[in-house]
Amino acid sequence: MGGFFLLHKRDPVALDTASRTMDGHFRAAGFPPATVREGVGYRLFHYPKILGGPTQHAVGPDGRFLACVGSLLYAGETGTAALQRLLACPDPAAELPRCQGQFALLAGDTRSVRILRDRSAALEVFHDEVRGAFSTSFLALARALPQRLARRQEAYEYVFHGTTLGDDTVLEGIRRLGLGAEAMVAEEVRIARTSRRLLPPEAAGTAEELAHDGVEQLTTNLLGWCGAFGGRITLALSGGYDTRLLLALCRRIGVQPRLFVYGPESSADVRIAKAIARTEGMEIDHFDKGTWCAEALEEPAARLARTYHEVDGLMYYGILDSGAEALARRRRHEGGALNLHGGAGEVFRNFFGLPERPVTAVSLARVFYRVDSTICTAGFSEAEYAARIAGKIGEAWDEGARPASRRAAEATYPYFRCRAWFGKDLSVNAAFGHGVLPFYDPAIVDFALSLPLRHKEFGNFEARMIRLADPAIAVHRSAYGFDFTRDTPFPNAFRSWVLQRRPSWLRQRGSRGRLSRGTPGPAPWQNGAGADPLRHGLDLVRRILRPDVVNDPTAQARIHNLAYLLGDLGVEGWR
């Protein structure tokens, strides 16, 4: 299925009002009519994917049922067939470690519904704990709130980093269901956090031996997915490591994915992807999103509203989409294909670029989540902002917020950064069709976190896996200026080594003023785009930000998106 909302039967009048409101949102976002289920303590609406296809639910003779959002592979099958196999088990939850993919699984009967998820917990499930409401749609829950107040911290996070971090959202009262959490709606609503250990023991072996193990694990997983989808696979190829590794793995098992590349003709990604396809005799679909314009097909205000609903409110690139992103998304899922996403591949690399020594959550927040305080109003505090992010990071660590070993801090990438960044992509794509992040599979994440950090330096481990999977693909030049037939050349590795050793205060200093530099261009809120919701929203934004000094196009697009959301929802103020 493509989405759901689940309500507790506390107040019959409020239940009917919320049902109408939330169903109206899903239908406005383009979802087909829902299947409605009711039990003693709950009401559930679950919706097919926007592009159609199987509804991904199964019902047993005893009234038990399963419904799934996202993509789940179990016993070599996906969709309804996989759910029927799970339903035959005494306890489907006990089978989750044997499931692959990123998903939310609803397991119910006539009395209750449980929300179960894969270990990454990346596919977004939001909840209003006070009212006992859960949904894959942030906007659906937001529209059902009796009062709407925005959160300053999370608004800053979205503008600076493209997403909110941890479990909090930009609205008071709506949170993401947390890492390791499962929910049950019955006569009462319960949210329990399961015990977890995110960091496996360090693996023994040479880099070559471990790379071979990684290729074998990834190959086995990919064989299952490709078999379940009959080889109908799509892949957007770039000039980097991650999509190159996915292409090498596909070729290793004899599957030729339908290839896409995005960007202008002159970009490194396009030149490299086309050169690989030409040399290896593969077809590739080049789509330059920057030149696509749907104005002749759709009135701008209508297109803005459609994009806003399709991305469920906030998106890291904003909602000023020409229609290209929506078209590309539909193409990736044509014919019921499974889209392979290279996201989270940096789990095989030193993503944060830190040396091998203990690190605190505060220092990690300052190094990676840098801000430009010059665009904020007088009440903003960089220290307080970093401390709050550090608290969120600490929740994802086994050790809490105390200083952690450099290896332990590696868990921040899959269980904090990826969950925030790729969770949005996963959720938007899941509404339309099937997609999976092979590098974000729990077993693969465990394997990557077990690697000694020295093996992951400078991208050498992932390059080693590429040439093991398909030596012919490794010989092609990358966007970094070198190929993957050997370790990173010394000049590139030395440059990375130097950058790793910059102190956090120096990295933060380089961010100050970066969003207000350059020649001012017309801001999107000055050209009438989404004018009605923006008027009220911009008034609220100006209480915490100085939008008129921002010259960075990405930050402008995010401020426009934030203002549109605040105005559309009629937000009353800040918390």
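As shown above, the structure is provided for reference.
This is a predicted model, so every value here is computed, not measured.

1. Side note on the pairing of strand S14 (residues 189-193)
For step 1, the next point in the chain: The sheet contact formed by strand S13 (residues 181-185) and S14 spans five bridges and is antiparallel. Of the residues in S14, the one forming a bridge with Met184 is Arg190.
For step 2, the next point in the chain: With antiparallel pairing between neighbouring strands as the criterion, S13 and S14 make up a hairpin whose turn holds three residues.

2. Points about the pattern of salt bridges
Pairing between side chains of opposite charge can happen when the charged atoms of each approach one another.
For step 1, the next point in the chain: This structure, assessed with the given rule, holds 42 salt bridges.
For step 2, the next point in the chain: Of the charged contacts in the structure, one is a salt bridge between Lys289 and Glu325, with a shortest N-O distance of 3.1 Å. Note that Lys289 is positioned in the loop between strand S17 (284-287) and helix H8 (300-310) and Glu325 in helix H9 (residues 324-332), a separation of 36 residues in sequence.
For step 3, the next point in the chain: Bridged by salt links that share partners, the residues Arg151, Glu154, Glu157, Asp168, Glu172, Arg175 and Lys392 form one connected network.

3. Some points on the side chain of Arg176
For step 1, the next point in the chain: With respect to the element layout, Arg176 can be found in strand S12 (residues 175-176).
For step 2, the next point in the chain: Among the polar contacts made by the side chain of Arg176, one reaches the main-chain carbonyl oxygen of Gly166 at a distance of 2.8 Å.
For step 3, the next point in the chain: Within the structure, the side chain of Arg176 is placed 3.4 Å from the backbone oxygen of Asp168, a separation counted as a polar contact.
For step 4, the next point in the chain: Not counting residues up to four positions away in its chain, the partners in contact with Arg176 are Glu124, Val125, Phe126, His127, Thr163, Thr164, Leu165, Gly166, Asp167, Asp168, Thr169 and Arg419.

4. As for the layout of surface pockets
For step 1, the next point in the chain: Roughly 900 Å³ of volume is contained in the largest pocket.
For step 2, the next point in the chain: For the lining of the largest pocket, the secondary structure elements donating two or more residues are helix H6 (241-252), strand S16 (258-262), H9, strand S18 (338-340) and helix H13 (412-432).
For step 3, the next point in the chain: Counting residues per element, the lining of the largest pocket draws most heavily on H13, which supplies five residues.
For step 4, the next point in the chain: The class makeup of the residues in the lining of the largest pocket is 14 nonpolar, nine polar and nine charged.

5. Some points on the nonpolar core
For step 1, the next point in the chain: Phe160, Leu340, Phe348, Ile393, Leu545, Leu565 and Leu566 are the most contacted members of the largest nonpolar core, which totals 147 residues.
For step 2, the next point in the chain: With 11 residues, H13 is the single largest residue contributor to this core.
For step 3, the next point in the chain: What Ile393 contacts, discounting residues up to four positions off in sequence, is Ala361, Leu364, Ala365, Tyr369, Thr412 and Phe416.
For step 4, the next point in the chain: Listed in part, the 21 residues of the second largest apolar core include Leu44, Val113, Ile115 and Val189.

6. Quick word on the environment of Leu6
For step 1, the next point in the chain: Looking at the element boundaries, Leu6 is found in strand S1 (residues 3-8).
For step 2, the next point in the chain: Overall, the relative accessible area of 0% leaves Leu6 in the buried class.
For step 3, the next point in the chain: In contact with Leu6, other than residues within four places in its own chain, are Tyr42, Arg43, Leu44, Val113, Ile115, Gly132, Ala133, Phe134 and Val185.

7. Re the side chain of Thr169
For step 1, the next point in the chain: For Thr169, the location among the structural elements is in the loop between helix H4 (152-161) and S12.
For step 2, the next point in the chain: For Thr169, a relative accessible area of 4% puts it in the buried group.
For step 3, the next point in the chain: Within polar-contact distance, the side chain of Thr169 engages the backbone oxygen of Ile174 at 2.7 Å.
For step 4, the next point in the chain: Every residue in contact with Thr169, bar those within four places of it in the chain, is listed here: Phe126, Phe138, Arg151, Glu154, Thr164, Ile174, Arg175 and Arg176.

The rules behind the values
Residues numbered from 1 in each chain as written. Predicted model: local features only at pLDDT ≥ 70, side-chain atom pairs only at ≥ 80, totals over all residues. Heavy atoms only, no water. Pairing = 2+ DSSP bridges. Helix = DSSP H or I, 4+ residues; strand = E, 2+ residues; numbered from the N terminus. Salt bridge = Lys/Arg side-chain N within 4 Å of Asp/Glu carboxyl O. Polar contact = N/O pair within 3.5 Å; in protein donor to acceptor, adjacent residues only side chain to side chain. Contact = heavy atoms within 4.5 Å. 1 Å grid on protein atoms, 1.4 Å probe; cavity = no way out; pocket = protein on both sides within 12 Å on 5 of 7 lines; lining within 4 Å. Points joined across faces, edges and corners; volume = space filled by probe spheres on them. Nonpolar A, V, L, I, M, F, W, Y, C, P; charged D, E, K, R; others polar. Core = buried A, V, L, I, M, F, W, Y, C linked by side-chain atoms within 4.5 Å. Buried < 20%, exposed > 50% of the residue type's maximum accessible area, 1.4 Å probe, protein only.

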